[in-house]
Amino acid sequence: MPHWTRTPPGGRATRSAGPAAACWSTPCATPPTRCGSCDRRPRHGRRADGADPRPAQHHPHTRTHHPTPEPEHTTRAPAPESEHTTPERECAARVPEPERAARLEAALGDPFDPANPHGHLALVRADDTREAPRATEALLTEHGLSAEFVPHDLGGRLRDLEELARVLRPLFRRDLALGYGFGITSLFAASSVWTAGDTHQRAALADVLLGGGRVAIVHREVAHANAILRREVRAQRPAGGGFLLNGSKDAVMNADRTDTFVVYARTSAGSGSASHSVLLLPGPPASGEVRRLARVEMPGMRGARFHGLRLADVRLPDSALVGSLGEGVTLALRSFQISHCLIPGTVLAGVDSVLRLAVRAATENRPDGRPARRWHKALSGVFADLLACDAMAVTGLRALSLVPQHAHLLAAAVKYTMPDLLREDLEELAAVLGARGYDRGPLYGGFQKLARDLPVAGLGHSGTAVCQAVLVPQLPALARTAWFRTAEPSAALFLPGAPLPPLDHRRLTHSGTDDPLTATLIGAAERLAARTGTEPLHAALAALARALVEELRVLRARCAALPAAGSTVFDPLACALADRYALLLCAAACLGVWEGQADGDGFLADPAWAVLVLSRIGRRLGIAVPETPADAEQAVLAEALGRCRHGRSLDLYDTPLAG
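The structure presented is a predicted model; accordingly, all values stated were derived computationally and were not measured.

A. Spatial organisation of helix H9 (residues 376-402). Counted at 1.5 Å a residue, the expected span for H9 with its 27 residues is 39 Å, and the 38 Å between its end C-alpha atoms agrees. Counting buried positions over the 27 residues of H9 gives 26, a clear majority of the element.

Written out as structure tokens, the structure reads:
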């Protein structure tokens, strides 16, 4: 395996000297679609009929504050000088795709080519044998994919998580199991070390990954656990110091392919937040035994390798402790924000592929190249959901760099909401595919595989429970102190592809009393309501935003009436309110992204997609929303058909694909 050269200290990226508050500042008044330093504009939106795109509609990018009486008001923080909002940065946001992502997409090739060793047919056959596709793993090794999971200051390529998600999407677009098994779980294991490890621990783990190795994570046991989270390892403090590890796990990914483990071990008999600690096992232990048990066959991600693991009298020195004793739960809450945003932000690429299959099935043998009318709602609706999920995930990924002190609730909401939305979308697409959904060939064979893989990728019910445990206890405090009071965040939070400051794992927190996305929802609704002479789609968007703000008022009253935090985590009413809150955050992210593009002339500047997204969210909430304009559905459908025809991704980035 190639060993990737560590970046010399002189090549280290530097962080902006501005305070964290700069990330909350007012954006540059220059619209993101054109600035004074260049004349660059985004590409023109395509229409399926080949017609010229509609002219750009004026919408002021600079957000004007519209005060309302206390306590229901939103404000924006003052605007210090910040690199995040300069015209040059907004021009840079037009860069279409990271070069590494484009190279990987080209190397993986046409997924529909039956002769392609990395195509759907080869991947489905490997899945049938429950093995990872060797040719594709060799390709990923050649591309040094493991270096993507190592921070830049340790010699790797990881600068920000939005870029990482884009680099990984070509792989996840083809095979979720391979995306997980080859390396993304190594990042999740290493994140606690990047967050709280000492210099030696960080360097040792970086060497493993830069050398092409893997790192496995040994989770603690949680309530509502599945095989991955069931059982745990105990660490005792023997005479003479250090730790003595004993225990087992039913399923650990890549346990048979690495000797490096990050272990969330129980170090206290209590059940509080200080019950566990994180320990780094960097290789074969000096004493004791690490025994790999039989391979566990999962119903999905069948090519990923899960094995049982048993640790017997494994002795580790005091230097194996990551962070402080009893800090394991806190470190999990801090570092797992990365997986909460990155998993949905990559998995949606797989649903992108299924939507492409459904469009192929619906337009096959159709003389006009358009699907039958009965499929219009499903295809346009799923595309709208993909854009909504991407807006939410990308906003979460960007928040971890821009406002890490306020990202924990959004990260949990992303992981809480998106798996269910994507599963609903798969059900809609299954109806469009019909009998083709059972095909095992190169054209449609990937559907059944993704339908099996997606629940495993989301950790099923246990993943939901973990996110509920983050969201629900905060609802009463948010209702009483944050909603309708928090300042809006910077518009930079909602500009997909715009440059970000380097991710600093050490700044991740799991507390905070502000809720910037609900402030965005309120502010966007105010700005839409203030528009004069609006077109029908803008009027529809304003009505939808107003209805969602009213829903937030209702939610505030209901959450404020909940009992104190700590007694409501799995109360059915509190969980239902968390469902509604997460959907409102999704709507806010979509409005933020739309506002960030509204001065442009590309598809994302068109209010049609935002109208369809908010209509679907409103119906999921069960609130009264206006009838979705037919123009909105048809515009979104035309964009989906056009992108499929021209081989472009069905996400916010609209990037070229192989095949």
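B. Up close: the packing of helix H6 (residues 176-196) against helix H11 (residues 446-457). Running from amino to carboxyl end, H6 crosses H11 at an angle of 40°, the nearest separation of the two axes being 9 Å. With respect to their mutual orientation, H6 and H11 come out oblique. Packed against H6, whose contacting residues are Leu176, Ala177 and Tyr180, the element H11 presents Lys449, Leu450, Asp453, Leu454 and Ala457 at the interface.

C. Main features of the nonpolar core. In terms of nonpolar packing, the biggest core is built from 182 residues, with Trp194, Leu379, Trp483 and Trp609 touching the most fellow members. Ranked by residues supplied to this core, first place goes to helix H8 (residues 328-363) with 18 residues. The contact partners of Trp609, leaving out residues within four places of it in the chain, are Leu387, Cys590, Val593, Trp594, Phe603, Leu604 and Val636. In this structure, Ala216, Phe261, Leu309 and Leu321 belong to the second largest nonpolar core, which totals 20 residues.

D. Structural detail: helix H5 (residues 161-172). For H5, with twelve residues, the first-to-last C-alpha span of 15 Å sits near the 16 Å given by 1.5 Å per residue. In terms of burial, H5 is largely enclosed, as eleven of its twelve residues are buried. All of the buried residues in H5 are Leu161, Glu162, Leu164, Ala165, Arg166, Val167, Leu168, Arg169, Pro170, Leu171 and Phe172. Elements that come into contact with the buried residues of H5 comprise helix H2 (99-108), helix H4 (134-142), H6, H8 and H9. Two or three places before Glu162, at the start of H5, stands the capping residue Asp160, its side-chain oxygen 3.1 Å from that residue's backbone nitrogen.

E. Examining the pairing of strand S7 (residues 306-316) more closely. As judged from the eight bridges shared by strand S3 (residues 243-253) and S7, these two strands associate in the antiparallel manner. Paired with Ser248 across the two strands is Arg310, which belongs to S7. Where strand S6 (residues 289-296) meets S7, six bridges bridge the pair, whose relative direction is antiparallel. Residue pairing in the sheet places Val296 in a bridge with Phe306 of S7.

F. Structural view of the pattern of salt bridges. What the rule picks out here adds up to 42 salt bridges. Where Asp128 meets Arg302, a salt bridge forms, and the shortest distance between an N and an O atom there is 3.3 Å. Here Asp128, found in helix H3 (residues 120-128), pairs with Arg302, found in the loop between S6 and S7; they are 174 residues apart in sequence, far enough to count as distant. The exposure class assigned to Asp128 is partly exposed, which follows from its relative accessible area of 40%. Between Arg423 and Asp420 there is a salt bridge whose closest N-O contact spans 2.6 Å.

G. Focus on the side chain of Arg334. Assignment of secondary structure puts Arg334 in helix H8. Excluding residues within four positions of it along the chain, Arg334 makes contact with Thr195, Glu327, His505, Arg506, Leu508, Thr509 and His510.

H. Looking closely at the packing of H9 against helix H16 (residues 572-597). Running from amino to carboxyl end, H9 crosses H16 at an angle of 90°, the nearest separation of the two axes being 8 Å. Taken together, the axes of H9 and H16 are roughly perpendicular relative to one another. On H16, the residues that touch Ala388, Ala391, Met392 and Thr395 of H9 are Ala582, Leu585, Cys586, Ala589, Cys590 and Val593. Here the residues of the contact of H9 with H16 are counted per class, giving nine nonpolar, one polar and no charged.

I. Molecular detail of the confidence of the model for the protein chain. Model confidence for the protein chain is summarised by a mean pLDDT of 83, while 82% of its residues fall at 70 or above. Across residues 1-95, where pLDDT falls below 50, the model places 222 contacts with residues more than four positions away in sequence or in other chains.

J. Focus on unusual backbone geometry. Phi is positive for Asn254, which is not a glycine, with a value near 65°. Looking at where Asn254 falls in the secondary structure, it is placed in the loop between S3 and strand S4 (261-266). For Asn254, a relative accessible area of 1% puts it in the buried group. Within the chain, Asp313 stands out as a residue other than glycine whose phi angle is a positive 50°. Counting through the fold element by element, Asp313 comes out in strand S7. Residue Asp313 is classed as partly exposed on the basis of its relative accessible area of 44%.

K. Region of the structure containing the packing of aromatic side chains. Applying the stated criterion across every chain yields a total of four aromatic pairs. Ring centres of Trp483 and Tyr581 lie 5.4 Å apart, and the angle between their planes is 35°; on these two criteria the pair is classed as tilted. Of this pair, Trp483 sits in the loop between helix H13 (475-481) and helix H14 (516-530) while Tyr581 sits in helix H16, and the two are 98 residues apart along the sequence. Positioned over the ring face of Tyr653 is Arg166, at 3.9 Å from the centre of the ring. Cation over ring: Arg360 sits above Phe112, and NZ or CZ is 4.4 Å from the ring centre.

L. Seen up close, empty space enclosed by the protein. Across all of its chains, the model carries eleven cavities of 30 Å³ or more by this definition. Counted as a void, the largest cavity has a volume near 150 Å³. As for the largest cavity, its lining consists of 17 residues, and the residues nearest its centre are His120, Arg173, Arg174, Gly446 and Leu450. At five residues, the largest contribution of residues to the lining of the largest cavity is made by H11. When grouped by side-chain class, the residues that make up the lining of the largest cavity number eight nonpolar, four polar and five charged.

M. Seen up close, the side chain of Asp390. Relative to the helices and strands, Asp390 is located in helix H9. Judged by relative accessible area, Asp390 falls into the buried class, the value being 0%. Setting aside its immediate chain neighbours within four residues, Asp390 contacts Arg169, Leu348, Asp651, Leu652 and Tyr653.

N. Geometry of the environment of Ala384. Positionally, Ala384 belongs in helix H9. Taking C-alpha positions, Ala384 is 9.5 Å from Leu650, a pair spaced 266 residues apart along the chain. In this structure Ala384 touches Leu612, Val613, Arg616 and Val636, once residues within four positions along its chain are discounted.

O. Main features of the pairing of S4. Burial runs high along S4: five of the six residues are buried. In terms of strand pairing, strand S1 (residues 216-218) meets S4 through three bridges, oriented parallel. Looking at S4, one finds that Val218 is bridged to Val263. Sheet topology places S4 next to strand S5 (residues 276-281); six bridges connect them, and they run antiparallel. Across the sheet, Phe261 pairs through a bridge with Leu281, a residue of S5.

Reading the values: rules and limits
- Residues numbered from 1 in each chain as written.
- Predicted model: local features only at pLDDT ≥ 70, side-chain atom pairs only at ≥ 80, totals over all residues.
- Heavy atoms only, no water.
- Helix = DSSP H or I, 4+ residues; strand = E, 2+ residues; numbered from the N terminus.
- Expected span 1.5 Å × (residues − 1).
- Buried < 20%, exposed > 50% of the residue type's maximum accessible area, 1.4 Å probe, protein only.
- Axes fitted to C-alpha atoms, helices over the stretch in contact; angles between N-to-C directions.
- Parallel < 35°, antiparallel > 145°, perpendicular 65-115°, else oblique.
- Contact = heavy atoms within 4.5 Å.
- Core = buried A, V, L, I, M, F, W, Y, C linked by side-chain atoms within 4.5 Å.
- Polar contact = N/O pair within 3.5 Å; in protein donor to acceptor, adjacent residues only side chain to side chain.
- Pairing = 2+ DSSP bridges.
- Salt bridge = Lys/Arg side-chain N within 4 Å of Asp/Glu carboxyl O.
- Nonpolar A, V, L, I, M, F, W, Y, C, P; charged D, E, K, R; others polar.
- pLDDT = per-residue confidence, 0-100.
- Phe/Tyr/Trp six-rings, centres within 6.5 Å; stacked < 30°, edge-to-face > 60°.
- Lys NZ or Arg CZ within 6 Å of the ring centre and 35° of its normal.
- 1 Å grid on protein atoms, 1.4 Å probe; cavity = no way out; pocket = protein on both sides within 12 Å on 5 of 7 lines; lining within 4 Å.
- Points joined across faces, edges and corners; volume = space filled by probe spheres on them.

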